[in-house]
Amino acid sequence: MARNSNITRTNIIQAADDLFYGEGIRSASMDAIAERAGVTKRTLYYHFGSKDDLIAAYLQARDEPTLTRYETWLDATRGTLADQVAGLFQRLARVAKTAKWKGCGFQRAAAELAGSPGHPALKIGSAHKKKFESWLAGRIAAEGLDNTALRARQVMIVLDGAVAQMLIHRDPAYVQAAGQIAATLLTKKAEPRSVVSAFDGRKRRSY
């Protein structure tokens, strides 16, 4: 019975993934998810007490597979870490051109749930992004670069920005350009405490 229950739960989460990611969290109804999973609504609510619980489970299920996918993309390119990160962005650009790609599920969930700051799914999304950032920091440290936390956060911002731009424009050139920026962040010396004015060359304190 426990095994069957786990299978049913997995099937429901997969159905939720198909619809939440494909149509949007607000648009996908529990009725549609139950139908896609091949279960009754009573069974669905037995496993997930509310739609909010199911949204949280949907994002939690995306956590490790997403990290694994990006790690695979990074390791698929040989060379320096800058080369590997550029290759990661190239692979993202190719995937993002496909019809089934609809952006980052975590970003989209955060946007749809912006009016519900205490939603458990937002905490899961934040934890995922922090884990991703920590993974990047580990790879940067292994490369022997300084300011690992800062560089990881910068690359993360560039990556999420690229995903957002690609979703808006559907133009892989944005992702490719972002890859060039990210690679540059991993080749130059970081300056976390000051920036140089492009106009007068004087250093100013960052805030």
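Residues numbered from 1 in each chain as written. Predicted model: local features only at pLDDT ≥ 70, side-chain atom pairs only at ≥ 80, totals over all residues. Heavy atoms only, no water.

With that out of the way, let us pick up the overall build of the protein chain. For the protein chain, the count of helices and strands is 9 helices and 2 strands. In the protein chain, the order of α-helices and β-strands from amino to carboxyl end is α-α-α-α-α-α-α-α-α-β-β. Per-residue burial over the protein chain gives 41% buried out of 207 residues. Taking all contacts inside the protein chain whose residues are at least 6 apart in sequence as the whole, residues at least 24 apart take part in 63%. Of the roughly 11800 Å² of accessible surface on the protein chain, 53% is carried by carbon and sulfur atoms. (Helix = DSSP H or I, 4+ residues; strand = E, 2+ residues; numbered from the N terminus. Buried < 20%, exposed > 50% of the residue type's maximum accessible area, 1.4 Å probe, protein only. Contact = heavy atoms within 4.5 Å. Areas by Shrake-Rupley, 256 points an atom, 1.4 Å probe, with all protein chains shown as cover.)

This brings us to the packing of helix H5 (residues 81-96) against helix H9 (residues 172-185). Look at H5 against H9: their axes get within 8 Å of each other, and the N-to-C directions meet at 170°. Between H5 and H9, the angle falls in the class roughly antiparallel. Of the residues in H9, those touching H5 at Ala82, Val85, Ala86, Phe89, Gln90, Leu92 and Ala93 are Pro172, Val175, Gln176, Ala178, Gly179, Ala182 and Ala183. Split into classes, the residues belonging to the contact of H5 with H9 amount to 11 nonpolar, 3 polar and no charged. (Axes fitted to C-alpha atoms, helices over the stretch in contact; angles between N-to-C directions. Parallel < 35°, antiparallel > 145°, perpendicular 65-115°, else oblique. Nonpolar A, V, L, I, M, F, W, Y, C, P; charged D, E, K, R; others polar.)

A few words on the confidence of the model for the protein chain. Segments scoring low in pLDDT should not have their predicted coordinates read at a detailed level. Averaged over every residue, the pLDDT of the protein chain is 92; residues scoring 70 or more account for 89%. Segment residues 194-207 is flagged for pLDDT under 50; beyond a separation of four residues in sequence, or across chains, it makes 16 contacts in the model. (pLDDT = per-residue confidence, 0-100.)

Attention now goes to the pattern of salt bridges. A full pass over the atoms with the stated rule returns 9 salt bridges. The shortest N-O distance in the salt bridge between Asp17 and Arg62 comes to 2.8 Å. Taken as a pair, Asp17 in helix H1 (residues 2-23) and Arg62 in helix H4 (residues 51-75) lie far apart in primary sequence, 45 residues in all. The closest approach of N and O atoms between Glu133 and Arg153, which form a salt bridge, is 2.8 Å. Residue Glu133 is located in helix H7 (residues 120-142), and its partner Arg153 is located in helix H8 (residues 148-169); the two are separated by 20 residues in the primary sequence. A relative accessible area of 41% means that Arg153 is categorised as partly exposed. Three or more residues joined by partner-sharing salt bridges are found here, namely Asp63, Glu64 and Lys131. (Salt bridge = Lys/Arg side-chain N within 4 Å of Asp/Glu carboxyl O.)

Below, the discussion takes up the environment of Ala164. Assignment of secondary structure puts Ala164 in helix H8. Once the C-alpha coordinates of Ala164 and Arg108 are considered, the two residues, 56 residues apart in sequence, prove to be 9.3 Å apart.

What follows deals with the packing of aromatic side chains. Tallying each qualifying case throughout the model produces 4 aromatic pairs. Seen from their ring centres, Phe20 and Tyr58 are 5.3 Å apart, and the 65° between their planes marks the pair as edge-to-face. Remark: Tyr58 occurs in helix H4 and Phe20 occurs in helix H1; sequence separation between them is 38 residues. Here Phe20 matches Tyr58 in class, with each residue buried. Considering the side-chain rings of Phe132 and Trp135, the 5.3 Å spacing of their centres and the 90° angle between planes classify their relative orientation as edge-to-face. Residue Phe132 and its partner Trp135 are located together in helix H7, separated by 3 residues, close to a single helical turn. For Trp135, a relative accessible area of 16% translates into the label buried. Three or more aromatic residues joined by ring pairs form one cluster here, namely Tyr70, Trp73, Phe132 and Trp135. Over the ring of Tyr21 we find Arg62, and its NZ or CZ is 4.3 Å from the ring centre. Sitting over the ring of Tyr21, Arg108 keeps its end group 5.2 Å from the ring centre. (Phe/Tyr/Trp six-rings, centres within 6.5 Å; stacked < 30°, edge-to-face > 60°. Lys NZ or Arg CZ within 6 Å of the ring centre and 35° of its normal.)

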